[in-house]
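# Working through the structure, step by step
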Amino acid sequence: MGRLRILSNLIMVGWLAWNQPSLVFGEPYRPQHNEQVLERLSVKRTDPVTRELSRLRATLSRQPEHLDAAVSLATKLIEQARSDGDPRLLGQAQAILAPWWNQTDAPPAVLLLRATIRQNAHEFDLALADLDTILNRHPANAQARLTKASILQVQGRYDEARRACQPLLRLAARHVAQTCLGDIAGLTGHAKESRELLVASLERPGLSLRERLWILTVLAEMAGRAGDIQAAEKHFSAARDLGVKDQYLLGVYADFLLDQDRAQEVVALLQRETNADGLLLRLTLAEQTLHSPAAKGHTAELAARFAAGRARGSSVHVREEARFALALLHEPQKALTLAQDNWKIQKEPWDARLLLESALAVGNWNVARPVIDWLNRNHVEDLRLQQLAAQFPKETP
């Protein structure tokens, strides 16, 4: 993938990777035989996207190792998964990359897509290894730097994430570098300045819809963490008005609505968005609040999905399962154990929130100490986390 293609597609893959760990798709289902019908879809053959997918599939059926066609099709499938929340599309993307999947010296375009798929599976170390391989060969690969920064941020490795973002000031459009750096700064003691900078960046001419969506979503989350409800609502509304369907935006907006006791709006938002486990969880939380009969069936479905994930040895669902155990099963000790396991994998505000809420529910100060130390050490700006941390004693009893 040449430098022009990298920069022109920067948000296409970088946005896909940016927040995915926060919104987990279900595990990809693998059929037992080629004739098995998975789902009958209503698509128009005249649709340009459908035609393009068909053309790429036809090319690959004749030439399975046609690199350009494989990269194009896998990228489009990952984009579609981002939009629709269908985990099977990620499995399809991986299958298309099969001729190169196990190659340590795979082409950079394949390594980048492999890193994105691995990130979604929470295989963070493998994803980072792929990205470092790209950057060792091609230090100017902006897309790899953006994806690497996102993974490091999810892991709470903020200094390293900043170092990954910094070269984007010369490798990418300025608003891309500013959003990469601003998202980290907004978490770690510089929210006011970051919000002002990102609001100004929205005035830049030529922003793509995906770039505008990215910036608005980051701004909405920053405002929400600061307790600025009016600004958060404004940014969420502007993001949704763009008309770009995005599973991550749906998830974080649903969380915002749940925290504002607006459960009925969550049901309206998510009632047809149940492919992604994270969205089904949020829908069920809203249904429980409203005492809806649908909550019981959805709770059982989530339990089955989490059990299936555990049977496969997957760690992808740990955050969602911790939230499920705490808020729907009302099993705080189970939730605390899961939240601790999750904290070993990723360290975003919601990961901290779940561990603190679970620790409070069982009255365990000691397990909360590492999270509170992390909040203080990184100067994390999040009003709700600060309120939770204030409920623990200052010293170990």
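If you're wondering where the values come from, they're calculated on a predicted model, not measured in any experiment. Each chain has its residues counted from 1, following the order in which its sequence is written. Where totals are concerned, whole chains, interfaces and linings use all residues; where local detail is concerned, this predicted model gives features only for residues with pLDDT of at least 70, and gives and counts side-chain atom pairs only at 80 or more. Computation of side-chain values covers all heavy atoms of the structure but excludes hydrogens and water.

Secondary structure elements are taken from DSSP: a helix is a run of H or I of four residues or more, a strand is a run of E of two residues or more, and numbering for both begins at the N terminus. Scanning the chain from terminus to terminus reveals 24 helices and zero strands. Evaluated residue by residue, the chain yields a buried proportion of 54% over its 397 residues. Throughout, a residue-residue contact means that at least one pair of heavy atoms, one from each residue, lies within 4.5 Å. When contacts within the chain are restricted to residue pairs at least 6 apart in sequence, those whose partners lie at least 24 apart make up 62%. Each accessible area value is a Shrake-Rupley result obtained with a 1.4 Å probe; residue values ignore everything except the protein chains displayed when judging cover. Entry remark: accessible area of the chain is about 18,100 Å², with carbon and sulfur atoms responsible for 50%. Relative accessible area decides the class of each residue, using a 1.4 Å probe on protein chains only: under 20% of the type maximum gives buried, over 50% gives exposed, and in between gives partly exposed.

Our next topic: helix α10 (residues 158-165). Those residues of α10 lying buried are Y158, A161, A164 and C165. The arc that holds the buried residues of α10, viewed along the axis, is 115°, so those residues lie on one side. Every exposed residue of α10 that faces more than 90 degrees away from the buried side is listed here: D159 and R163. Elements that come into contact with the buried residues of α10 comprise α9 (142-154), α11 (168-171), α12 (174-187) and α23 (369-377). Note that the arc is defined by the directions from the helix axis to the C-beta atoms.

Bringing the nonpolar core into the picture now. We define the nonpolar core as a collection of buried residues of types Ala, Val, Leu, Ile, Met, Phe, Trp, Tyr and Cys that are connected through side-chain atoms lying within 4.5 Å of one another. Counting residues in each nonpolar core, the largest one holds 122 residues, and the members touching the most others are L131, F236, L270, L356 and L375. Setting aside chain neighbours within four positions, we find F236 in contact with A220, L249, V252, Y253 and F256.

pLDDT measures the predictor's confidence residue by residue and takes values from 0 up to 100. Residues at a pLDDT of 70 or more form 87% of the chain, whose mean pLDDT is 88. Ignoring residues within four places in sequence, the model shows residues 1-26, a span with pLDDT below 50, making 104 contacts including any to other chains. Low pLDDT, under 50, characterises residues 37-43; the stretch is placed with five contacts to residues that sit more than four places away or in other chains.

Next up on the list: the pattern of salt bridges. What counts as a salt bridge is simple: a side-chain nitrogen of Lys or Arg found within 4 Å of a carboxyl oxygen of Asp or Glu. Throughout the structure, instances matching the rule amount to 27 salt bridges. One salt bridge in this structure joins E123 and R118, with 4.0 Å as the shortest N-O distance. D132 is the salt-bridge partner of K148, the closest N and O atoms lying 2.8 Å from each other. A residue pair is termed long-range when its members are at least 10 positions apart, and K148 in helix α9 and D132 in helix α8 (residues 124-137) qualify at 16 residues. Three or more residues are tied together by salt bridges with common partners; here these are R114, R118, E123 and D130.

To continue, consider the packing of aromatic side chains. Aromatic rings from Phe, Tyr and Trp, with only the six-membered ring used for Trp, were paired whenever their centres fell within 6.5 Å, and each pair was classed as stacked if the ring planes differed by under 30 degrees, edge-to-face if by over 60, and tilted otherwise. Following the criterion strictly, the structure yields seven aromatic pairs and no others. Between the aromatic rings of Y253 and F256, the centroid separation amounts to 6.2 Å while the plane-to-plane angle is 15°, which identifies the pairing as stacked. On the criterion of helical spacing, the pair formed by Y253 and F256 is a turn pair, its members being three residues apart in helix α16 (residues 247-259). Of the two residues examined, Y253 and F256, each falls in the buried class. Ring geometry for W365 versus F392: centroids 5.8 Å apart, planes at 45°, classification tilted. Here F392 lies in the segment after α24 (383-389) and W365 lies in the loop between α22 (349-362) and α23, a separation of 27 residues in the sequence.

Once that is clear, we can look at α9. To estimate the expected span of a helix, subtract one from its residue number and multiply by 1.5 Å. Over its 13 residues, α9 runs 19 Å from end to end, which matches the ideal 18 Å to within 8%, given 1.5 Å per residue. By the criterion of burial, α9 is predominantly enclosed, with 12 of the 13 residues buried. Among the residues of α9, A142, Q143, A144, R145, L146, T147, A149, S150, I151, L152, Q153 and V154 are the ones counted as buried. Where α9 begins, the capping side chain belongs to N141, and its oxygen is found 3.2 Å from the backbone nitrogen of Q143. Whenever a nitrogen or oxygen atom comes within 3.5 Å of another N or O atom, the pair is scored as a polar contact, on the condition that within protein one atom can donate a hydrogen and the other can accept it, and that pairs from neighbouring residues in sequence are kept only if both atoms are in side chains.

Attention now goes to the packing of α10 against α12. Geometry is summarised by axes, namely lines fitted to C-alpha atoms with helices restricted to the contacting stretch, and by angles between N-to-C directions that run from 0 to 180 degrees. Across the interface, α10 lies against α12 with an axial gap of 9 Å and an inter-helix angle of 160°. In terms of axis orientation, α10 runs roughly antiparallel to α12. When you trace α10 past α12, the crossing you get is left-handed. Across from Y158, A161, R162 and C165 in α10, the residues of α12 making contact are C180, L181, I184 and L187. Any residue that is not Ala, Val, Leu, Ile, Met, Phe, Trp, Tyr, Cys, Pro, Asp, Glu, Lys or Arg is counted as polar, Gly included; the first ten are nonpolar and the last four charged. Residue composition of the contact of α10 with α12, grouped by class: seven nonpolar, no polar and one charged. Convention used here: angles under 35 degrees read as roughly parallel, angles over 145 as roughly antiparallel, angles from 65 to 115 as roughly perpendicular, and any remaining angle as oblique. Two helices that cross are described as forming a left-handed crossing if the nearer one is turned anticlockwise from the farther one by less than a right angle, and a right-handed crossing if clockwise.

Looking now at unusual backbone geometry. Of note in the backbone geometry, H122 takes a positive phi value of approximately 65° without being a glycine. Tracing the backbone shows H122 in the loop between α7 (108-120) and α8. One non-glycine residue, H291, lies in the positive phi region at around 55°. Position of H291 among the secondary structure elements: in the loop between α18 (277-289) and α19 (294-311).

Note that D382 resides in the loop between α23 and α24. Counted as positive: Lys and Arg. Counted as negative: Asp and Glu. His and the chain ends are not counted at all. We note that D382 is buried and unpaired, the nearest opposite charge coming from R225 at a distance of 4.7 Å. Within the local environment of D382, its side chain forms a polar contact with the backbone nitrogen of L385, the two atoms lying 3.1 Å apart. Here D382 is in contact with R225 and P349, once residues within four sequence places are set aside.

Further remarks concern the packing of α9 against α12. Where α9 meets α12, the axes come as close as 10 Å, and the angle between the chain directions of the two elements is 10°. By the angle between their axes, α9 is roughly parallel relative to α12. Two secondary-structure elements touch here, α9 through L146, A149 and Q153 and α12 through C180, D183, I184 and L187. Classifying every residue of the contact of α9 with α12 by side-chain character gives five nonpolar, one polar and one charged.

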